[in-house]
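Now for the letters of each chain:
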Amino acid sequence: MMAIAITSITMTACSQDKEVEKFHKAPLYACGISHSGTNTNHEVLFSEADIEWFDVDTREIIFRNMSVPLYKRLQPFNEIEFYLDDSNLFVVSSFVGLWDNRIYDNLVLCYGNQESTNIDGKYYLYDSYPLQYLDSDAVKVNQQKNASQWELFTTYLESKGKLKK
């Protein structure tokens, strides 16, 4: 019984590694992270091929059409981890919508524009949620902590012609 359980766990881990492995051809990709009990699951959500462009000023990220809408793929995950060249770039605290009443002092992927409070069907990478906490000390510390990774993210997207200024 123990051998079967170990084999099952190993096969599951290998299949997860192969799922992530096939996206390694794309240097930039993001994984959803979910926690269930003692298990942590990673699932590739999108890669740079799915990103049309990113607007530095509005923080809007435009995705290409996907067979399953991104918001449906994002819902079960606690965090989203961005990778560049297989190195952790940064972690987005959560996927939120404008209807969300939780507070985050770190990066979030938001469905809807917080500045206009308009659920416009677009996605934005914000430094906090809601925006009224943007001037808090915790958000400022996280912005400083993420600054070099954020620079890598935008520089990489610019090198691929996917940055809008």
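Above: the structure in question.
Let us look at the structure shown here. (Residues numbered from 1 in each chain as written. Predicted model: local features only at pLDDT ≥ 70, side-chain atom pairs only at ≥ 80, totals over all residues. Heavy atoms only, no water.)

## Some points on the overall build of the protein chain
Move 1: Across its full length, the protein chain carries three helices and 10 strands.
Move 2: Its helices and strands in sequence order give the protein chain the pattern α-β-β-β-β-α-β-β-β-β-β-α-β, from N to C terminus.
Move 3: Residues counted as buried form 42% of the 165 residues belonging to the protein chain.
Move 4: In the protein chain, 45% of the contacts between residues at least 6 apart in sequence involve partners at least 24 apart.
Move 5: Summed over its atoms, the accessible surface of the protein chain is roughly 9,500 Å², and 51% of this surface lies on carbon and sulfur atoms. (Helix = DSSP H or I, 4+ residues; strand = E, 2+ residues; numbered from the N terminus. Buried < 20%, exposed > 50% of the residue type's maximum accessible area, 1.4 Å probe, protein only. Contact = heavy atoms within 4.5 Å. Areas by Shrake-Rupley, 256 points an atom, 1.4 Å probe, with all protein chains shown as cover.)

## Section: the sheet that holds strand β2 (residues 39-47)
Within a sheet, adjacent strands bond to each other through the backbone by hydrogen bonds, running parallel or antiparallel.
Move 1: If you trace the four strands from one edge of the open sheet to the other, you get β2-β1-β5-β6, paired in antiparallel fashion. In this open sheet, the two strands that pair with only one neighbour each are β2 and β6 (87-92). Across this sheet, the average inter-strand angle for adjacent strands is 30°, counted without regard to direction.
Move 2: Note that strand β5 (residues 79-84) and β6 share five bridges and pair antiparallel. Note on β6: the bridge partner recorded for phenylalanine 82 is phenylalanine 90.
Move 3: Sheet strands in contact with helix α3 (residues 137-159) are β1 (28-36), β5 and β6, and its direction is about 105° off that of β6. (Pairing = 2+ DSSP bridges. Axes fitted to C-alpha atoms, helices over the stretch in contact; angles between N-to-C directions.)

## Details of the layout of surface pockets
Move 1: In this structure, the largest pocket occupies an estimated 170 Å³ of space.
Move 2: Together, 13 residues line the largest pocket, and Phe63, Arg64, Asn65, Leu70 and Tyr123 are the ones closest to its centre.
Move 3: Of all the elements in the fold, those that place two or more residues in the lining of the largest pocket are β4 (60-63), α2 (70-74) and β9 (118-126).
Move 4: Looking at the lining of the largest pocket residue by residue, the class counts come to nine nonpolar, two polar and two charged. (1 Å grid on protein atoms, 1.4 Å probe; cavity = no way out; pocket = protein on both sides within 12 Å on 5 of 7 lines; lining within 4 Å. Points joined across faces, edges and corners; volume = space filled by probe spheres on them. Nonpolar A, V, L, I, M, F, W, Y, C, P; charged D, E, K, R; others polar.)

## Some details on the pairing of strand β3 (residues 51-55)
Move 1: Taken together, the three bridges between β3 and β4 define a ladder with antiparallel strand orientation. Bridging across to β4, isoleucine 51 finds its partner in phenylalanine 63.
Move 2: Connecting the antiparallel pair β3 and β4 is a turn made up of four residues, with arginine 59 showing a positive phi of about 70°.
Move 3: Sheet topology places β3 next to strand β10 (residues 163-164); two bridges connect them, and they run parallel. Across the sheet, aspartate 55 pairs through a bridge with lysine 164, a residue of β10.

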